[in-house]
Amino acid sequence: MPYQVVVGLEVHVELKTKTKLFCQCANAFGSEPNTHTCPVCLAMPGALPVLNQAAVELAVKAGIALQCTIHCHSKFDRKQYFYPDLPKAYQISQYDLPFAEWGHVNIVADGQRKQVRIRRIHMEEDAGKLNHLGQSLEQSEGSLVDLNRAGVPLIEIVSEPDMTSADEARRYLTELRAVLSYLDVSDLRMEEGSMRCDANVSLKPEDYTGSLEDLPRVEVKNVNSIRNVGRAIEYEIERQSERLAQGQRIIKETRGFDDARGRTYSQRSKEEANDYRYFPEPDLPPLVLDSSWLARLQAALPMLPDAWRERLESLGLSANEIEVLVQDPSQIQFLQEAMEMTTEVRALTRWMLADMLRLLNERGLSFAQSPVRPAQLVELLNFIADGRISGRMAKEILENMFVSGESAGQLVDRLGMAQISDDAVLRGQVAEVIAEHGKVVDDYHSGKERALGFLVGQVMKRTRGQASPEVVNRLLKEALGSSVS
Ligand SMILES: [Zn+2]
C-alpha cells in the first residue's frame, strides 16, 4: 500500500546568554565539570529561580524572526520526570501558554516554494549531562553527572508535521539555522549540542482520513547534524514501510540514531504529555511582555535571509550565488560593507565566492575573520576596473594580501605589477613580435584567427604579463591591418 511520509521536527536551541536562565552561573561550554553551579541549578531546598531578561530577549527575537505571534502573557510550568541529570526532578518549561505560536519557515523543495509552519516556540531550561565511563553504555562502569549545562536557557521550536521527505526536513533545518544565525541568538553548533533536533516520523496510508496526531509516531531523539537528521528519517521511512508491508504495526516509541551504522534503535516507549504531570511553576510570576519593548525589538532586527534573497536577485545574481551567500551571515555582512563602497556588485560577489572563499577555506577562516577587509577588496577591484591591473594580476595580489597584510596599492608598487596600457610603450613590443614571427603573420593574413592569439601571447610574455591584453589586441590588429599590401 502506498504511504505518504509525515515529518515534524522539534529543535532545541541553546541561547547565547552570559548566564543561565534562572541563576547567575555562567552559560559556558567546555569548562571543568560542575564549576558553573549554585544552589539554584543544583536544586538546593529553598533556592528560588529568577528569570534572566537577556534570555527572554533572545527568545523573543527568534520568535519574531520566525514570523510567530508573540504572546504578551505567557507562563512557566513544571515538567516532572526523573532522570539523574535533572536535580530538581522537574524541568521549568512552558506548557499550555508558550511565548510564541503560529510562525513559519519558507523552504524551496523540488523547485517549489513551500511553507513549513511552526506550531509553537517555548522557553525552557536545559538538563545536565551524563558522562558514561568506558567504551559504551552497556559496558560502562559508572556514570558521572556534570551540571554545568543544567539551567542553560533553551528555546524549543516545534514545527507542524508539514514535511514529506528527508530532503524537506534538511532544507527546513538549514533555513531555520540560517535565520537564527542572522540574529546571533545561539552558537548553533549541532556537534556541541547547542542546536539539537528530534524528528517525528510517521507513514500515512493514502486512504487514511483521521488526524495526523493519531498516526503511530516514532520520535528519533537528539540527532547531531542536519545530514544525520536526513539519514535517520530515510532509515525510518524504510523501516516503517517494511514493517507495514509485512502486516506489522508501527509502535509508538522513542528511538536513538546510531551514526556509525546509519540506523535508528529503540530506546523507550514514548511518554504522553499527562505522564509529565505539568503544573504552573509557583516560584515564578507569569511572563508579561511590554508591547513597546516588543516593537523596539522588532525594529532592531537585522535584514533576514528572505529579504536578502530578494535584494540580491534584484541586483542580478544567480540563484546559486544567492543561496551560497545567504547561508552565512558573515558573508552577507562582508558583502553589505563592501556594497557601501562600490556599485560593482556582480564583480564583488564573483570575487567573494571564488578567490576569497578559496583563500579563507584554505586557512579555515570565515568572512568575519578574513584578514582582507571589505574596503581592501574593493580597492583591488577598483584597480581592475581602472585598467591599472589585470584580473590575473589581481588574483596574485589578493593571495599576497592574505599573506602579508599589505593593501592592493602597496603590493602593486612593491611587486611592480602595474598593467601597461600605454600605446606608445606597447607599440614597440608589438612591432618586434610581428617582425620575429613572419610565418604566424602570414597565417593570420590567410584567415587563421588563432594566429592573433599567439601573437598577443608573445607580447604578454615580453612584458611579463603586465601588458593590457585589450590594448595589445587592438594594437596588433592595427599593425597587421596596415601591413596588408
Ligand atoms: Zn546556578
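Quick caveat, the model's predicted, so the values are computed rather than measured.

On to the packing of helix α8 (residues 345–362) against helix α9 (residues 374–386). Each pair of packed helices gets described by two things: the angle between the helix axes and the distance between those axes. Closest axis-to-axis distance for the α8/α9 pair is 11 Å, and the angle between their directions is 115 degrees. Judged by the inter-axis angle, α8 sits roughly perpendicular to α9. Here the hand of the crossing between α8 and α9 comes out right-handed. Contacts from A347, L348, W351, M352 and M356 of α8 reach α9 at L377, V378, L380, L381 and I384. Split by residue class, the contact of α8 with α9 holds 10 nonpolar, no polar and no charged.

With that settled, the discussion passes to the domain arrangement of the chain. You can read the domains of the chain as domain 1 (3–293), domain 2 (303–415) and domain 3 (423–483). Look at where the C-alpha atoms of domain 1 and domain 2 centre, and you get two points 37 Å apart. Tallying the contact residues gives 10 residues for domain 1 and 10 residues for domain 2. Contact between domain 1 and domain 2 buries roughly 780 Å² in total, counting both sides, with carbon and sulfur atoms accounting for 57%.

For the rest of this paragraph, the subject is unusual backbone geometry. Apart from glycine, the bulk of residues carry a negative phi angle, and the bulk of peptide bonds sit in the trans form. The phi angle at A43 is positive, at roughly 65 degrees, despite the residue not being glycine. Here A43 is to be found in the loop between β1 (3–14) and α1 (53–65). Overall, the relative accessible area of 25% leaves A43 in the partly exposed class.

What follows covers the pattern of salt bridges. Enumeration according to the criterion identifies 43 salt bridges in this entry. Two residues, E125 and K88, come together in a salt bridge whose shortest N-O distance is 2.7 Å. Taken as a pair, E125 in strand β7 (residues 112–125) and K88 in the loop between β4 (77–80) and β5 (90–93) lie far apart in primary sequence, 37 residues in all. The residue R474 makes a salt bridge to D423 at a minimum N-O spacing of 3.1 Å. Residue R474 is found in helix α15 (residues 469–483), and its partner D423 is found in helix α12 (residues 423–436); the two are separated by 51 residues along the sequence. A relative accessible area of 36% places R474 in the partly exposed class. In this structure D423 comes out as partly exposed when scored by relative accessible area, which is 23%.

On to the coordination of the zinc ion. Donor atoms from the polypeptide that coordinate the zinc ion comprise C23 (SG), C25 (SG), C38 (SG) and C41 (SG), at 2.3 to 2.4 Å from the metal. For the zinc ion, the four donor atoms are set out with angles of 101 to 116 degrees between them, so the coordination reads as tetrahedral. By relative accessible area, which is 11% here, C23 ends up buried.

Let us now look at the side chain of Q91. Tracing the sequence through the fold places Q91 in strand β5. There is a polar contact of 2.7 Å between the side chain of Q91 and the backbone oxygen of E125.

Here we come to the packing of aromatic side chains. This structure, assessed with the given rule, holds five aromatic pairs. Seen from their ring centres, Y81 and Y276 are 6.1 Å apart, and the 70 degrees between their planes marks the pair as edge-to-face. Remark: Y276 occurs in the loop between β14 (263–269) and β15 (279–280) and Y81 occurs in the loop between β4 and β5; sequence separation between them is 195 residues. Here Y81 falls in the partly exposed class, since its relative accessible area comes to 27%. Since its relative accessible area comes to 16%, Y276 is described here as buried. When the ring of Y95 is compared with that of Y278, the centres are 3.9 Å apart and the planes differ by 5 degrees; the resulting orientation is stacked. Residue Y95 is located in the loop between β5 and β6 (100–109), and its partner Y278 is located in the loop between β14 and β15; the two are separated by 183 residues in the primary sequence. Look at Y95 and you get partly exposed, because its relative accessible area is 34%. Pairwise contacts between aromatic rings join Y81, Y95, Y276 and Y278 into one cluster. The side chain of K79 reaches across the aromatic face of Y276, ending 4.4 Å from its centre. Of note, K395 hangs over the ring of W351, and the distance from its end group to the ring centre comes to 5.7 Å.

Taking strand neighbours across the sheet as the criterion, the nine strands line up as β2-β6-β7-β10-β1-β11-β12-β13-β14 in an open arrangement whose pairing is mixed. Of all the strands in the sheet, just β2 (69–70) and β14 have a single pairing partner and so form its edges. Pairing of β1 with strand β11 (residues 195–205) involves 11 bridges; the strand directions are antiparallel. Within β11, the residue paired with H12 across the bridge is R196.

Here we take up the side chain of H122. When you line up the elements, H122 lands in strand β7. Among the residues examined, H122 registers a relative accessible area of 6% and is labelled buried. At 3.1 Å, the side chain of H122 and the side chain of R120 are in polar contact. Of the polar contacts made by the side chain of H122, one reaches the side chain of E124; its length is 3.1 Å. Dropping the residues within four chain positions of it, H122 is found in contact with S93, Q94, P98, F99, L154, I155 and E156.

It is worth spelling out helix α7 (residues 329–339) at this point. Residues S330, Q331, I332, F334, L335, A338 and M339 constitute the buried set of α7. Residues of α7 that are buried sit in contact with α2 (166–183), α5 (305–314), α6 (319–326), α8 and α9. The backbone nitrogen of S330 lies 2.8 Å from a side-chain oxygen of the residue at the head of α7, namely D328.

Let us look at helix α10 (residues 391–404). Over its 14 residues, α10 runs 20 Å from end to end, which matches the ideal 20 Å to within 8%, given 1.5 Å per residue. Those residues of α10 that sit buried are M393, A394, I397, L398, M401 and F402. If you follow the buried residues of α10, they end up packed against α8, α9 and α11 (408–415). One or two steps after α10, the chain reaches G405, where phi turns positive at roughly 75 degrees.

Here is what the cut-offs are and how they apply
Residues numbered from 1 in each chain as written. Predicted model: local features only at pLDDT ≥ 70, side-chain atom pairs only at ≥ 80, totals over all residues. Heavy atoms only, no water. Axes fitted to C-alpha atoms, helices over the stretch in contact; angles between N-to-C directions. Helix = DSSP H or I, 4+ residues; strand = E, 2+ residues; numbered from the N terminus. Parallel < 35°, antiparallel > 145°, perpendicular 65-115°, else oblique. Left-handed = near helix turned anticlockwise from the far one by under 90°. Contact = heavy atoms within 4.5 Å. Nonpolar A, V, L, I, M, F, W, Y, C, P; charged D, E, K, R; others polar. Domains from an automatic or database assignment. Buried area = accessible area lost by both parts, 1.4 Å probe. Buried < 20%, exposed > 50% of the residue type's maximum accessible area, 1.4 Å probe, protein only. Salt bridge = Lys/Arg side-chain N within 4 Å of Asp/Glu carboxyl O. Donors = N, O, S within 2.8 Å, 3.2 Å for Na, K, Ca; no water. Tetrahedral: all angles 85-135°; square planar, octahedral: opposite > 155°, others 65-115°. Polar contact = N/O pair within 3.5 Å; in protein donor to acceptor, adjacent residues only side chain to side chain. Phe/Tyr/Trp six-rings, centres within 6.5 Å; stacked < 30°, edge-to-face > 60°. Lys NZ or Arg CZ within 6 Å of the ring centre and 35° of its normal. Pairing = 2+ DSSP bridges. Expected span 1.5 Å × (residues − 1).

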